[in-house]
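Residue-level listing of the chains:
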Amino acid sequence: MKYSLMLIALINITSYAENVVPATDVAVAYPTMNSLQTIENILERDVNLRISVVGQGVAPINTASPAQAYALAKRAAVADSYRLIAEKVSGVHVEGDDLIKNMMVQRSTVRTAVQAMIKNANIVETTFKDGLCEVEMEIILSHSNFSR
Amino acid sequence: MRSRNGNHPFPLKLFSLIFFSSLVLNASEFLISYRYVVKNSLLYNETLQISKAMTKCSGNAYDGIILESDGKKDLQRVIANNSERFIEYVHLLGLHVNYKDETINYQNSSTTILTLKTTCFKVDFNDNFAKISPLK
């Protein structure tokens, strides 16, 4: 009896081992390093990538002068431009929550976050009209920036 | 008068101590940080902190900016007189972008924070100009 039980157990273990995919096979299912490299090789040598954005900023209502309103709106627009560049270069973290109760949406929340370090971005054009400031900003990415 | 180990004369040690400490105190190295917050497309807060470095900074100067100083040796005043140019220059040095956005029941609010982390700058005051260069 003991030997028959042991034999059944042994057969079960070997059949289970046949079904389990080896760790190396699992790794193949994900993108390999080569395919990742081909995706990330956007920046080629001697080819520059230009990213252009238009940021918007609003002047506060209670300002001492139109010049102050312009200066403050421009600051806000520059920050918006930086954020837009960061979104394009490094991506956005998005998180969403929906609370549904009795088949009705009680609360819907979407949170987005961006974190990046932006260097050598240039302002191309600034316009200010009706309290809205628009800043066109561009950044030129080259292979040499990242190959240090 | 001799020092305890008897090898180095005490006045020489004292002189070198005074000399090097005076060098540190007169070193034109400043710590500068800059941060501004934009909430819902409106400028909320902006701070530019300037203080003299209390310890010697390490690194080499690069990408400096020359500002008119009119003979003044007060960096805060020099920067205040050329604030727009200096802030544009700080932008070119590189700012950390931290952006958070929240939409609750289709009502949106956002906060963008741009920061220049505390950086040591070497400042050379000439007759009418001040050269400000970050150290790296």
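I will try to describe carefully the structure that is included in this document. Note that the structure is predicted; figures quoted are calculated from it, not measured. The numbers attached to residues start from 1 for each chain and follow its sequence in the written order. Chain letters and ligand numbers both follow the written order, the letters beginning at A and the numbers at 1. With the structure being a predicted model, the display of local features is reserved for residues of pLDDT at least 70 and the display and counting of side-chain atom pairs for 80 or more, all residues being used for whole-chain, interface and lining totals. Computation of side-chain values covers all heavy atoms of the structure but excludes hydrogens and water.

**Thoughts on the overall build of chain A**
Here's step 1: Helix and strand counts for chain A stand at 5 helices and 5 strands.
Here's step 2: Starting at the N terminus and ending at the C terminus, chain A contains elements arranged as α-α-α-β-α-β-β-β-β-α.
Here's step 3: Buried residues are those whose accessible area, probed at 1.4 Å on protein chains only, stays under 20% of the maximum for their type, while exposed residues exceed 50% and partly exposed ones sit between those limits. When burial is assessed residue by residue, chain A has 24% of its 148 residues classed as buried.
Here's step 4: A separation of at least 24 residues holds for 57% of the contacts in chain A among residues at least 6 apart in sequence.
Here's step 5: Total accessible area on chain A stands at roughly 11000 Å², and carbon and sulfur atoms take up 58% of it. Working definition: helices are DSSP H or I runs of at least four residues, strands are E runs of at least two. Numbering for both runs from the N terminus. We call two residues in contact when some of their heavy atoms are within 4.5 Å. Surface accessibility follows the Shrake-Rupley procedure with a 1.4 Å probe radius. Residue values consider only the protein chains on display as shielding.

**As for the layout of surface pockets**
Here's step 1: Here a cavity is any set of points on a 1 Å grid over the protein atoms alone where a 1.4 Å probe fits but cannot get out, and a pocket is any open set with protein on both sides within 12 Å along at least 5 of 7 lines; a residue lines the site when it has an atom within 4 Å of a point. Grid points are joined across faces, edges and corners, and a volume is the space filled by probe spheres set on the points. In this structure, the largest pocket occupies an estimated 540 Å³ of space.
Here's step 2: Residue lining of the largest pocket: 20 residues in total, with I118(A), K119(A), N120(A), I139(A) and N145(A) positioned closest to the centre.
Here's step 3: Elements represented by at least two residues in the lining of the largest pocket include exactly α4 (66-90), β3 (104-118), β5 (132-141) and α5 (143-146) of chain A together with α3 (83-93) of chain B.
Here's step 4: Side-chain classes are defined by residue name, with Ala, Val, Leu, Ile, Met, Phe, Trp, Tyr, Cys and Pro counting as nonpolar, Asp, Glu, Lys and Arg as charged, and the others, Gly among them, as polar. Its residues assigned to classes, the lining of the largest pocket comprises 12 nonpolar, 4 polar and 4 charged.
Here's step 5: Here the second largest pocket is characterised by a volume of approximately 270 Å³.
Here's step 6: Along the wall of the second largest pocket there are 16 residues; nearest its centre are K74(A), V78(A), I123(A), E88(B) and H91(B).
Here's step 7: For the lining of the second largest pocket, the secondary-structure elements that each account for two or more residues are α4 and β4 (122-129) of chain A together with α3 of chain B.
Here's step 8: Broken down by element, the residue count for the lining of the second largest pocket peaks at 6 residues, all from α4(A).
Here's step 9: In the lining of the second largest pocket, the residues fall into 9 nonpolar, 3 polar and 4 charged.

**Some words on a nonpolar patch on the surface**
Here's step 1: A contiguous nonpolar patch, built from V58(A), L132(A) and L42(B) and spanning about 180 Å² of accessible area, is present on the exposed surface.
Here's step 2: Here V58(A) shows up in strand β1 (residues 49-58). Candidate patch residues must exceed 30% relative accessible area and have no salt bridge, after which like charges are joined if within 9 Å and Val, Leu, Ile, Met, Phe, Trp or Tyr side chains if within 5 Å. A carboxyl oxygen of Asp or Glu within 4 Å of a side-chain nitrogen of Lys or Arg is what we treat as a salt bridge.

**What about the nonpolar core?**
Here's step 1: For the purposes of this section, nonpolar cores are sets of buried Ala, Val, Leu, Ile, Met, Phe, Trp, Tyr and Cys residues that join through side-chain atoms within 4.5 Å. Y82(A), I118(A), Y36(B), L75(B), I79(B), F86(B) and I132(B) are the most contacted members of the largest nonpolar core, which has 49 residues in total.
Here's step 2: Here the element with the most residues in this core is α4(A); it accounts for 10 residues.
Here's step 3: Each residue touching Y36(B), except ones within four places of it in the same chain, is listed here: R75(A), V78(A), A79(A), L43(B), N45(B), E46(B), H91(B), T112(B), I113(B) and L114(B).

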